[in-house]
Amino acid sequence: MSNGQWYPPEWPDRIRALAAGELTAVTPRRAATVMLLKDTPEGPSVHMLRRRASMAFAGGAYVYPGGGVDERDSRPVRWSGPPLAEWTERLGIEDEASAQAIVCAAVRETYEEAGVLLAGETADSVVGDTTGDDWEADRAALVDRDLSFAEFLDRRGLVLRSDLLGAWARWITPEFEPRRFDTWFFVAALPKGQRTRNASTEADRTVWIRPADAAAGYDKGELLMMPPTIATLRALGRYEAAADALAAAQERDLTPILAQARLEEGELVLSWPGHDEFTKHIPTGPEGGPR
């Protein structure tokens, strides 16, 4: 492998089965992930987690904090920022409850996995410190689904700061994957006074790294990543400050990106529209592997 692209060994067989009509695609679950940025003298760094090698999905890969939408994420919360009608249009979905659930999932998962909370006591404030036993008890209850995010915010008298998020991209797991996600990628800046930590049971390492350095590690085959991760890192590397990336998010295209597999001149070709670097050519024979 010349780079760090995550490519499970079972993919060729699953792609062939899908092409032959022998595999039924799983309906993707909605999810959200947040590219958390902080400014440094060398430019913005992004917070990343390395998934434990034992994980069934993307084991050993570097990712951003995130996860699946909880059905309770659509429950009413105190809200600051663009109204839900605007978020519904921006995210390209059908109803305001779904839009709220995706935004809430982004904020909740960032708190669950990184200990960073995009919420405040007022519509223009952000909590300054989320450490301490009482905060940890609430975070653990969220992770265990003993507490909904709406209950958590209400208990602490907090307002969700949707204005601190910028919608960046939308990627859908390929149809041949057994576990699929329809994932919205957001960008946000680390709130003043807060700090990240490895609060995820699914990660064995966390880093703050410049997007260009992370991309270089991928190119050298030193950092394992999935296509959406490296694609978003390359895009983030253009900006000199977190605020610049947040401003640019307003103009980002959120058309869903879904891998395509097609038969071409005796090969199965796996590609991601608009991202030629991820294209794989797979011989149709049973012994064939990607190149």
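Note: the structure precedes this text.
Note that the structure is a prediction, hence the values are computed from the model and not measured.

*Asks:* How do you make sense of the packing of aromatic side chains when you look at a structure like this?
*Replies:* The description of an aromatic ring pair uses the distance of the two centres, along with the angle that the planes make with each other. Per the stated rule, a full pass over the model turns up 10 aromatic pairs. Consider the rings of Trp11 and Phe176, whose centres lie 5.1 Å apart with planes at 80 degrees: the pair is edge-to-face. Taken as a pair, Trp11 in helix H1 (residues 11-19) and Phe176 in the loop between strand S8 (166-172) and strand S9 (181-189) lie far apart in primary sequence, 165 residues in all. Side by side, Trp11 and Phe176 carry an identical accessibility label, which is buried. With centroids separated by 5.9 Å and ring planes inclined at 80 degrees, the aromatic side chains of Trp168 and Tyr239 adopt a geometry described as edge-to-face. Residue Trp168 is located in strand S8, and its partner Tyr239 is located in the loop between helix H7 (227-236) and helix H8 (242-249); the two are separated by 71 residues in the primary sequence. For Trp168, a relative accessible area of 0% gives the class buried. Each member of the aromatic cluster is reached from another via a ring pair, and the members are Trp11, Phe176, Trp272 and Phe278.

*Asks:* Sorry, what's going on with the sheet that holds strand S5 (residues 79-80) here?
*Replies:* Pairing between the strands of a sheet is mediated by backbone hydrogen bonds and can be parallel or antiparallel. The strand order across the open sheet formed by 3 strands is S5-S7-S6, and the pairing between neighbours is mixed. The open sheet terminates on both sides in strands that have one partner only, identified here as S5 and strand S6 (119-120). Pairing between S6 and strand S7 (residues 159-161): 2 bridges, direction antiparallel. Opposite Ala119, over in S7, you have Leu160 as the bridge partner.

*Asks:* Looking at this structure, I do not really get the layout of surface pockets. What am I missing?
*Replies:* Vacant regions in the atomic arrangement are exposed by a probe of water-molecule size rolled over the atoms. What the largest pocket holds in volume is close to 900 Å³. Lining the largest pocket are 40 residues, and of these Arg51, Phe57, Gly66, Gly67 and Phe181 sit closest to its centre. Mapped by element, the contributors of at least two residues to the lining of the largest pocket are strand S1 (29-38), strand S2 (45-51), strand S4 (66-68), helix H3 (96-114), helix H4 (133-143), S8, S9 and H7. With 4 residues, S1 is the single largest residue contributor to the lining of the largest pocket. Of the residues that constitute the lining of the largest pocket, the class distribution is 22 nonpolar, 9 polar and 9 charged. Empty space within the second largest pocket amounts to approximately 180 Å³. The wall of the second largest pocket is formed by 14 residues, among which Ala169, Trp171, Arg252, Ile257 and His275 lie closest to the centre. The set of elements that each furnish at least two residues to the lining of the second largest pocket consists of S8 and H7. Along the lines of polarity and charge, the residues of the lining of the second largest pocket split into 6 nonpolar, 3 polar and 5 charged.

*Asks:* Explanation requested: the packing of helix H6 (residues 211-219) against H7 in the structure shown.
*Replies:* Between two packed helices, what matters for the description is the angle formed by their axes and the separation of those axes. Between H6 and H7, whose axes approach to 8 Å, the crossing angle comes to 140 degrees. When the axes of H6 and H7 are compared, the pair comes out oblique. As for the relative orientation of H6 and H7, their crossing is left-handed in sense. Residues Pro211, Ala214, Ala215, Tyr218 and Asp219 of H6 form the contact with H7, whose own contacting residues are Ile230, Leu233, Arg234 and Leu236. Looking at the contact of H6 with H7, its residues break down into 7 nonpolar, no polar and 2 charged.

What counts and what doesn't
- Residues numbered from 1 in each chain as written.
- Predicted model: local features only at pLDDT ≥ 70, side-chain atom pairs only at ≥ 80, totals over all residues.
- Heavy atoms only, no water.
- Phe/Tyr/Trp six-rings, centres within 6.5 Å; stacked < 30°, edge-to-face > 60°.
- Helix = DSSP H or I, 4+ residues; strand = E, 2+ residues; numbered from the N terminus.
- Buried < 20%, exposed > 50% of the residue type's maximum accessible area, 1.4 Å probe, protein only.
- Pairing = 2+ DSSP bridges.
- 1 Å grid on protein atoms, 1.4 Å probe; cavity = no way out; pocket = protein on both sides within 12 Å on 5 of 7 lines; lining within 4 Å.
- Points joined across faces, edges and corners; volume = space filled by probe spheres on them.
- Nonpolar A, V, L, I, M, F, W, Y, C, P; charged D, E, K, R; others polar.
- Axes fitted to C-alpha atoms, helices over the stretch in contact; angles between N-to-C directions.
- Parallel < 35°, antiparallel > 145°, perpendicular 65-115°, else oblique.
- Left-handed = near helix turned anticlockwise from the far one by under 90°.
- Contact = heavy atoms within 4.5 Å.

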